[in-house]
Amino acid sequence: GDSVTQMEGPVTLSEEAFLTINCTYTATGYPSLFWYVQYPGEGLQLLLKATKADDKGSNKGFEATYRKETTSFHLEKGSVQVSDSAVYFCALGLFGNEKLTFGTGTRLTIIP
Amino acid sequence: NAGVTQTPKFRVLKTGQSMTLLCAQDMNHEYMYWYRQDPGMGLRLIHYSVGEGTTAKGEVPDGYNVSRLKKQNFLLGLESAAPSQTSVYFCASSSLQGLNYGYTFGSGTRLTVV
């Protein structure tokens, strides 16, 4: 079946460090891929998405590129801030399916 | 835009009590979902609906019931609450094209069963 595998956390970085959170997927077709962010005490918010191979999603300084050859959608940011501390979820959706498939989430903590 | 609204935001129940969580969306979305999130962060799908009058089971449906009598509302019921149902519950919705645009989530209901 379809699945999403995320880098296990927690991840702790210093402010202004480079961030990578790995995400790989298994799907029977050509999925759309998403990153969601959950700030403390809040619901999940869509951070960015990509709907076809080689698309790059970007938002708030975060980027992720849909790599069909490696079935990956890694999240990156060049210089993290304390306000980026949150839980990040990778997810995929397939046309014809009725629901998204989520990864288990990666907790990110940024220290000043 | 209100988006997805969940009520209540917090609730404490005694074991064996019943309650209903309400999810309302104002985006005319066809699909609606109920998830629970436990320490360890992962989301688990409880039930979902692909349209008014329809419901389907997710990964962890036992102990819960749902109803979608109106397109904009999706209710999650606990008939006899158990401590194992202590969790944070999230509702989400999406359009028919939602797999290209993702879900819109509510802000959650924190439920404690004592």
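Here is what the cut-offs are and how they apply
Residues numbered from 1 in each chain as written. Chains lettered and ligands numbered in written order. Predicted model: local features only at pLDDT ≥ 70, side-chain atom pairs only at ≥ 80, totals over all residues. Heavy atoms only, no water. Helix = DSSP H or I, 4+ residues; strand = E, 2+ residues; numbered from the N terminus. Rg over C-alpha atoms; globule rule 2.2 N^0.38 Å. Buried < 20%, exposed > 50% of the residue type's maximum accessible area, 1.4 Å probe, protein only. Contact = heavy atoms within 4.5 Å. Areas by Shrake-Rupley, 256 points an atom, 1.4 Å probe, with all protein chains shown as cover. Lys, Arg positive; Asp, Glu negative; His and termini not counted. Charge placed at Lys NZ, Arg CZ, Asp CG, Glu CD. Phe/Tyr/Trp six-rings, centres within 6.5 Å; stacked < 30°, edge-to-face > 60°. Salt bridge = Lys/Arg side-chain N within 4 Å of Asp/Glu carboxyl O. Core = buried A, V, L, I, M, F, W, Y, C linked by side-chain atoms within 4.5 Å.

(A) Inspection of the overall build of chain B at higher detail. Counting its secondary structure elements, chain B contains one helix and eleven strands. Ordered by position from the N terminus, the helices and strands of chain B form the series β-β-β-β-β-β-β-β-β-α-β-β. A compact globule built from 114 residues would reach a C-alpha radius of gyration of about 13 Å, and chain B, at 13 Å, matches this within 12%. Principal-axis analysis of the C-alpha atoms gives chain B an extent of 40 × 30 × 25 Å. Every one of the 114 residues in chain B was classed for burial, and the buried ones make up 48%. Sequence-distant contacts, at least 24 apart, represent 55% of the contacts inside chain B between residues at least 6 apart. On chain B, roughly 5,400 Å² of surface is accessible, and the fraction owed to carbon and sulfur atoms is 52%. Positive and negative side-chain charges in chain B, numbering 10 and 7 respectively, have mean positions lying 7 Å apart.

(B) Focus on the environment of Y66 of chain A. Residue and element names in this part refer to chain A. Looking at the element boundaries, Y66 is found in the loop between strand 8 (62-65) and strand 9 (75-77). A relative accessible area of 2% places Y66 in the buried class. It is 8.0 Å that separates the C-alpha atoms of Y66 and T51, two residues lying 15 residues apart in sequence. In contact with Y66, other than residues within four places in its own chain, are Y25, Y30, P31, L33, A50, T51, K52, A53, D54, D55, S72 and F73.

(C) Quick peek at the packing of aromatic side chains. In the structure shown here, the tally under the stated rule is 15 aromatic pairs over all chains. Taken together, a centroid distance of 5.9 Å and an interplanar angle of 55° make the contact between F102 of chain A and Y103 of chain B tilted. Taken together, the residues span two chains, with F102 of chain A in strand 11 (residues 101-102) and Y103 of chain B in the loop between helix 1 (98-101) and strand 10 (104-105). For the pair F102 of chain A and Y103 of chain B, one class covers both residues: buried. Relative to Y35 of chain B, the ring of Y33 of chain B has its centre 6.4 Å away and its plane inclined at 35°; by these criteria the two rings are tilted. An aromatic cluster is present here, built from F34, Y36 and F102 of chain A together with Y33, Y35, Y48, Y103 and F105 of chain B joined pairwise through their rings.

(D) Expanded view of the pattern of salt bridges. Residues and elements named next belong to chain B. Counted according to the given criterion, the structure contains six salt bridges over all chains. A salt bridge links K71 to E30; the shortest N-O distance between them is 3.8 Å. Here E30 lies in the loop between strand 3 (19-25) and strand 4 (31-37) and K71 lies in the loop between strand 7 (64-67) and strand 8 (73-78), a separation of 41 residues in the sequence. Residues joined in a network through salt bridges with shared partners are R36, D38 and R44.

(E) Local environment of the nonpolar core. In this structure, W35, L47, L48, F73, L75 and Y88 of chain A are the most contacted members of the largest nonpolar core, which totals 27 residues. Only strand 2 (11-14), strand 3 (19-21), strand 4 (23-26), strand 5 (32-38), strand 6 (44-50), strand 8, strand 10 (86-93) and strand 12 (106-111) of chain A provide two or more residues apiece to this core. Among the elements that take part in this core, strand 10 of chain A stands out by supplying four residues, more than any other. If we skip the residues at most four places from it in the chain, L48 of chain A touches L33, F34, W35, G57, S58, N59, F62, E63, A64, F73 and L75 of chain A. Ranked by size, the runner-up nonpolar core spans 19 residues in total, among them A91 of chain A together with Y35, A92 and Y103 of chain B.

So, to be careful, I would describe these as geometric facts and stop short of saying anything about function.
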